[in-house]
Amino acid sequence: MSRVVAVLLCAGGSVRMGFDKLLTPIAGKTAIERSLDALLLGGAQEIVFTVSPTTRAFVEALHCPVPSRIVSGGETRAESVYRALCAIDSADIVAIHDAARCMVSPETVRQSIESARQFGSGVVAGRVTDTIMQIRGEDILPLDRSKLIRMQTPQTFRFDRIKAAYEAGDRSKVTDDCALYLAAGYQPEFVLTDGEAANQKLTTAEDWQQALATYARFGTGFDTHRLVEGRKLILGGIEIPFAKGLLGHSDADVLTHAIIDALLGAAGLGDIGRLFPDSDAAYAGADSLELLREVVRRIEDSGLRVAYVDATVICERPKIKPHAAQMQRRLADAMHVLPEFVSVKATTTEGMNDEGKGLCISASAIASLI
Ligand code: MG
């Protein structure tokens, strides 16, 4: 069994992004945490973090479930890697990874490590789908893209070889580990990934948008309440004049409940019954919009926010359409989005089912979070 140490490079500056790309959460987790998760799930048994003065405190406070150490990064990426390699007591395999490539999958990490075990190296690289031309003064030279690859990370090597390559090579001239490995006379083995986006390094604002889209989450919700006499009808946070109202422990706002369940589902936070149990007197007659605000607060605490909600009310009567715009405004306000990001629709069941017979009102919803 070979010992696998991962070097996680968290020392890079964030000059091109305008904010700290390594420390700003994407869907609740920073790039450093996401990269660490992938390395651990992919088989790393020990971690050496390289940090900058900006990232040090965050990395020190991280919970790392395997042995780890922290070293100060150098002036360049290569110097940071070299310092990390010098800090390793013993290892058979070392996987070097840029924390900014936080969308890497554990499977890619695993393949990279496996390749290093078998062949001495496993350098992750992406296939090229764009046509690339080389400009040499007046001459423009089309390059054969089938022979081009984009260097990514992790780049995984036998520890003794990469350490020797870093000691012998010119560290001032390289931007990745593979170049030094080559210069030391070794033939690298590549692990090719298809998606360029999947293992994209967070460099530009576009990369950041791509990462947000990668971690977008969706949830669905459904709810039904009985229609009875002697209750107010509350739907989507507003009172609708009607002969009957919905029966329930809270105000029985079936539309808001369906939306709450959709949001909780997307956030992985359970369901409305778990958060606000019927058995809890605190929620008797509760304003469901307040429950929605509480759910949104929890979602935002976890680093996510509401992107879009679409809901359908299923009932024979009353007519929903005249009230839909007002519901959208109230719901949107509670979810901290503009009304255009909330859609409230309605359908009848043509007199069929309990909704059609006027026995109940149901609602379904889908929500996305970013
Ligand atoms: Mg309900």
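What counts and what doesn't
- Residues numbered from 1 in each chain as written.
- Predicted model: local features only at pLDDT ≥ 70, side-chain atom pairs only at ≥ 80, totals over all residues.
- Heavy atoms only, no water.
- Helix = DSSP H or I, 4+ residues; strand = E, 2+ residues; numbered from the N terminus.
- Buried < 20%, exposed > 50% of the residue type's maximum accessible area, 1.4 Å probe, protein only.
- Axes fitted to C-alpha atoms, helices over the stretch in contact; angles between N-to-C directions.
- Parallel < 35°, antiparallel > 145°, perpendicular 65-115°, else oblique.
- Contact = heavy atoms within 4.5 Å.
- Nonpolar A, V, L, I, M, F, W, Y, C, P; charged D, E, K, R; others polar.
- Phe/Tyr/Trp six-rings, centres within 6.5 Å; stacked < 30°, edge-to-face > 60°.
- Lys NZ or Arg CZ within 6 Å of the ring centre and 35° of its normal.
- Donors = N, O, S within 2.8 Å, 3.2 Å for Na, K, Ca; no water.
- Patch = residues over 30% accessible without salt bridge, like charges linked within 9 Å, V, L, I, M, F, W, Y side chains within 5 Å.
- Areas by Shrake-Rupley, 256 points an atom, 1.4 Å probe, with all protein chains shown as cover.
- Salt bridge = Lys/Arg side-chain N within 4 Å of Asp/Glu carboxyl O.

### Things to note about the environment of I259
1) Next: As for its placement among the helices and strands, I259 is situated in helix 8 (residues 254–267).
2) Next: Take I259: its relative accessible area is 0%, and that puts it in the buried class.

### Remarks on the packing of helix 8 against helix 10 (residues 288–301)
1) Next: Remark: helix 8 packs on helix 10, axes separated minimally by 10 Å, with the N-to-C direction vectors making an angle of 10 degrees. If you check the angle between helix 8 and helix 10, you find them roughly parallel. Touching T256, H257, I259, I260, L263, L264 and A267 of helix 8 are S288, L289, L291, L292, V295, V296 and I299, all from helix 10.
2) Next: For the contact of helix 8 with helix 10, a count of residues per class yields 11 nonpolar, 3 polar and no charged.

### Re the packing of aromatic side chains
1) Next: Counted according to the given criterion, the structure contains 3 aromatic pairs.
2) Next: When the ring of Y181 is compared with that of Y186, the centres are 4.8 Å apart and the planes differ by 25 degrees; the resulting orientation is stacked.
3) Next: Ring-pair connections join several aromatic residues into one group, and the members of that group are F157, Y181 and Y186.
4) Next: The ring of Y215 has R34 lying over it, and the distance from NZ or CZ to the ring centre is 3.8 Å.
5) Next: The side chain of R171 reaches across the aromatic face of Y82, ending 3.8 Å from its centre.

### Overview of the coordination of the magnesium ion
1) Next: Taken together, D223 (OD), H225 (NE2) and H257 (ND1) make up the full set of protein donors to the magnesium ion, lying 2.0 to 2.3 Å away.
2) Next: Each donor residue of the magnesium ion lies on the same chain, and together they follow the pattern D-x1-H-x31-H. Taken together, the residues D223 in strand 10 (residues 217–229) and H257 in helix 8 connect sequence positions 34 residues apart.

### A short note on a nonpolar patch on the surface
1) Next: On the surface, a nonpolar cluster with roughly 290 Å² of combined accessible area is contributed by I149, M151, F190 and L192.
2) Next: Among the elements of the structure, strand 8 (149–158) and strand 9 (190–193) are those that each provide at least two residues to the nonpolar patch.
3) Next: Topologically, F190 is positioned in strand 9.
4) Next: By relative accessible area, which is 33% here, F190 ends up partly exposed.

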